[in-house]
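Structural overview for review
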Amino acid sequence: APLLSLAGVGKRFGNQVTALDGLDMEVRRGEFLSLLGPSGCGKSTALRLIAGLAEPTSGRIAFNGNDGLAAGKRRRLIGPASAGHPAIGFVFQEPTLMPWASVFGNVHLPLKLAGTGRREAEPAIMEALELVGLDGFRDAYPRELSGGMKMRVSIARALVTKPRLLLMDEPFAALDEITRFKLNNDLLQVWRQLNCTIVFVTHSVFESVYLSTRILVFRARPGRIAAELAIDPALERD
Ligand code: ADP
Ligand code: ADP
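Since the model is a prediction, treat every value here as computed from it, not as a measurement.

1. Observations concerning the site of ligand 1
The full set of residues close to ligand 1 is Phe-13, Val-17, Ala-19, Pro-38, Ser-39, Gly-40, Cys-41, Gly-42, Lys-43, Ser-44 and Thr-45. Lys-43 places a side-chain nitrogen or oxygen 2.9 Å from an oxygen atom of ligand 1. Here an oxygen atom of ligand 1 and a side-chain polar atom of Thr-45 are 2.5 Å apart. A total of 560 Å² of accessible area belongs to ligand 1 in isolation, and the protein chains cover 60% of it. The biggest single contributor to the shell around ligand 1 is helix α1 (residues 43-51), with three residues. Classifying every residue of the shell around ligand 1 by side-chain character gives five nonpolar, five polar and one charged.

2. With respect to the side chain of Asn-106
As for its placement among the helices and strands, Asn-106 is situated in helix α2 (residues 103-113). Note on Asn-106: relative accessible area 0%, which makes it buried. A distance of 2.7 Å separates the side chain of Asn-106 from the backbone nitrogen of Met-98, its partner in a polar contact. Each residue touching Asn-106, except ones within four places of it in the same chain, is listed here: Leu-97, Met-98, Ala-101, Pro-142, Val-153 and Arg-157.

3. Quick look at the nonpolar core
It is characteristic of soluble globular proteins that their nonpolar side chains tend to be buried jointly. With 39 residues, the main nonpolar core has Ile-155, Met-168, Phe-172 and Ile-198 as its most contacted residues. Only α2, α3 (118-131), α4 (147-159), β6 (165-169), α5 (177-194) and β7 (197-202) provide two or more residues apiece to this core. Once you skip the residues sitting within four places of it in the chain, Ile-198 turns out to touch Glu-31, Phe-32, Leu-33, Leu-166, Met-168, Leu-187 and Trp-191.

4. A closer look at the pattern of salt bridges
Enumeration according to the criterion identifies eight salt bridges in this entry. Here Arg-28 ties to Glu-228 by a salt bridge, and the two come within 3.9 Å at their closest N and O atoms. Remark: Glu-228 occurs in strand β9 (residues 224-230) and Arg-28 occurs in the loop between β2 (17-27) and β3 (32-36); sequence separation between them is 200 residues. Taking the relative accessible area as the measure of exposure, Arg-28 reaches 42% and is therefore partly exposed. The shortest N-O distance in the salt bridge between Arg-138 and Asp-139 comes to 3.7 Å. Arg-138 sits in the partly exposed class, given a relative accessible area of 24%. You can call Asp-139 exposed: its relative accessible area is 55%. Bridged by salt links that share partners, the residues Arg-28, Glu-31, Arg-214 and Glu-228 form one connected network.

5. Considering the environment of Arg-143
Looking at where Arg-143 falls in the secondary structure, it is placed in the loop between α3 and α4. Separated by 96 residues in the primary sequence, Arg-143 and Leu-47 have C-alpha atoms spaced 29 Å apart.

6. Considerations on the packing of α2 against α4
Put simply, α2 and α4 touch, their axes get as near as 7 Å, and they point 35 degrees apart. The two elements α2 and α4 cross, and the hand of that crossing is right-handed. Side by side, α2 and α4 meet where Val-103, Asn-106, Val-107 and Pro-110 of the first sit next to Val-153, Ala-156 and Arg-157 of the second. In terms of residue class, the contact of α2 with α4 is made up of five nonpolar, one polar and one charged.

7. Re α1
Across the nine residues of α1, seven count as buried, placing the element largely inside the fold. Regarding α1, the residues found buried are Lys-43, Thr-45, Ala-46, Leu-47, Leu-49, Ile-50 and Ala-51. Count one or two residues on from α1 and you reach Gly-52, which has phi positive near 80 degrees.

8. Some points on the site of ligand 2
The full set of residues close to ligand 2 is Ser-44, Arg-48 and Gln-93. Contacts to ligand 2 include Ser-44, whose side-chain N or O atom sits 2.7 Å from an oxygen atom. Considering ligand 2 on its own, with 550 Å² of exposed area, one finds that the protein chains cover 26% of that surface.

9. Focus: the sheet that holds strand β4 (residues 58-63)
Pairing is antiparallel in the open sheet, where three strands are placed in the order β2-β1-β4. Strand pairing shows two members of the sheet lacking a second neighbour, β2 and β4, which therefore form its edges. Here the strands of the sheet are splayed against their neighbours by 20 degrees on average, with no regard to which way each runs. Where strand β1 (residues 4-13) and β4 come together, five bridges link them in antiparallel fashion. For Gly-10, the partnering residue across the bridge sits in β4 and is Ser-58.

What counts, and where the lines are drawn
Along each chain, the written sequence defines residue order, and numbers are assigned to residues from 1. Each chain takes a letter, starting from A, and each ligand takes a number, starting from 1, following the order in which they are written. Under the rules for a predicted model, residues below a pLDDT of 70 receive no local features and side-chain atom pairs below 80 are neither given nor counted, while totals for whole chains, interfaces and linings still include all residues. Excluded from the side-chain calculation are hydrogens and water; included are all heavy atoms of the structure. Only a single heavy atom is needed: when it lies within 4 Å of a molecule or strand, its residue is near that molecule or strand. Polar contacts, as used here, are pairs of N or O atoms within 3.5 Å; protein pairs need one atom able to donate a hydrogen and one able to accept it. Residues neighboring in sequence count only if both atoms are side-chain atoms. Under the convention used here, a 1.4 Å probe and the Shrake-Rupley method define accessible areas, while residue burial counts only the protein chains that appear. Helix numbers and strand numbers start at the N terminus; a helix is a DSSP run of H or I with at least 4 residues, a strand a run of E with at least 2. Each residue gets one label: Ala, Val, Leu, Ile, Met, Phe, Trp, Tyr, Cys and Pro are nonpolar, Asp, Glu, Lys and Arg are charged, and the others, such as Gly, are polar. The buried label goes to any residue with under 20% of its type's maximum accessible area, the exposed label to any with over 50%, and the partly exposed label to all in between, with areas taken from a 1.4 Å probe on protein chains only. In this description, contact between two residues means that some pair of their heavy atoms is separated by no more than 4.5 Å. Nine residue types can take part in a nonpolar core, namely buried Ala, Val, Leu, Ile, Met, Phe, Trp, Tyr and Cys, and a core is a set of them joined through side-chain atoms within 4.5 Å. Each salt bridge in this description consists of a side-chain nitrogen of Lys or Arg and a carboxyl oxygen of Asp or Glu lying within 4 Å of one another. To obtain each axis, a line is fitted to C-alpha atoms, and for helices this fit is confined to the stretch in contact; angles are then taken between N-to-C directions over 0 to 180 degrees. In this scheme the crossing of two helices becomes right-handed for a clockwise turn of the near helix relative to the far one and left-handed for an anticlockwise turn of less than a right angle. In this scheme, strands are said to pair when DSSP sees at least two bridges between them.

Structure follows, in structure tokens:
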């Protein structure tokens, strides 16, 4: 069974905007799936619905074999694993770090919210920082970091719960090309190492082809899938 499936999912904002209309899609375990399309075609909306950050207007979303997440009946899913669902991580386009907290404190946040103190959380926090190459920066503050490093902290914060599913909403769009390329490569390493499933929203054809094992191409007004491209994973996964 797929890790996640959306069936006939629609999302309207007021009477004016139909962001998604009858979206059917599946996310398979272990894949690196990109949602590609022009600005405004509903990619972010699809991701936010998957995360439980917003409610679909119609249709159903099933996660990890757990059906019954009908319109209006969902709850926030991102964060650590809890009864009924494995952990989901979310990386926003903006790093959204707390400026008053250190790198360590920022990455601690999802575990802290789940009631795990600094001491107990430390091994997981350091593991996440190592994955993104920031273990030497635990005591730094966001203002001391470059845009790329801030994004690495944001990724570490999403990884600290050891998510089965990692959702990323145009995470590198604001970065310069070189930084972006480095982060692309490091993200691929993380994906292979953790063996997790990634859904990655982008409007970059290059990025989607470079990173993904499968691409869903969206078209706008209303948002729907126009094409699917499977990329033969000559990619090694060891
Ligand atoms: P994308 O991520 O592909 O750029 P979005 O999912 O952000 O697209 O947006 C799809 C459409 O829905 C756009 O027309 C956008 O303006 C609209 N939209 C998104 N969020 C909201 C909202 N909270 N309220 C009203 N309209 C919204
Ligand atoms: P993206 O990163 O996909 O470009 P936006 O910057 O368009 O996203 O949207 C950022 C936030 O604003 C999101 O929470 C989105 O739901 C909301 N939003 C987007 N479009 C609108 C809109 N037309 N009216 C109200 N809120 C919107």
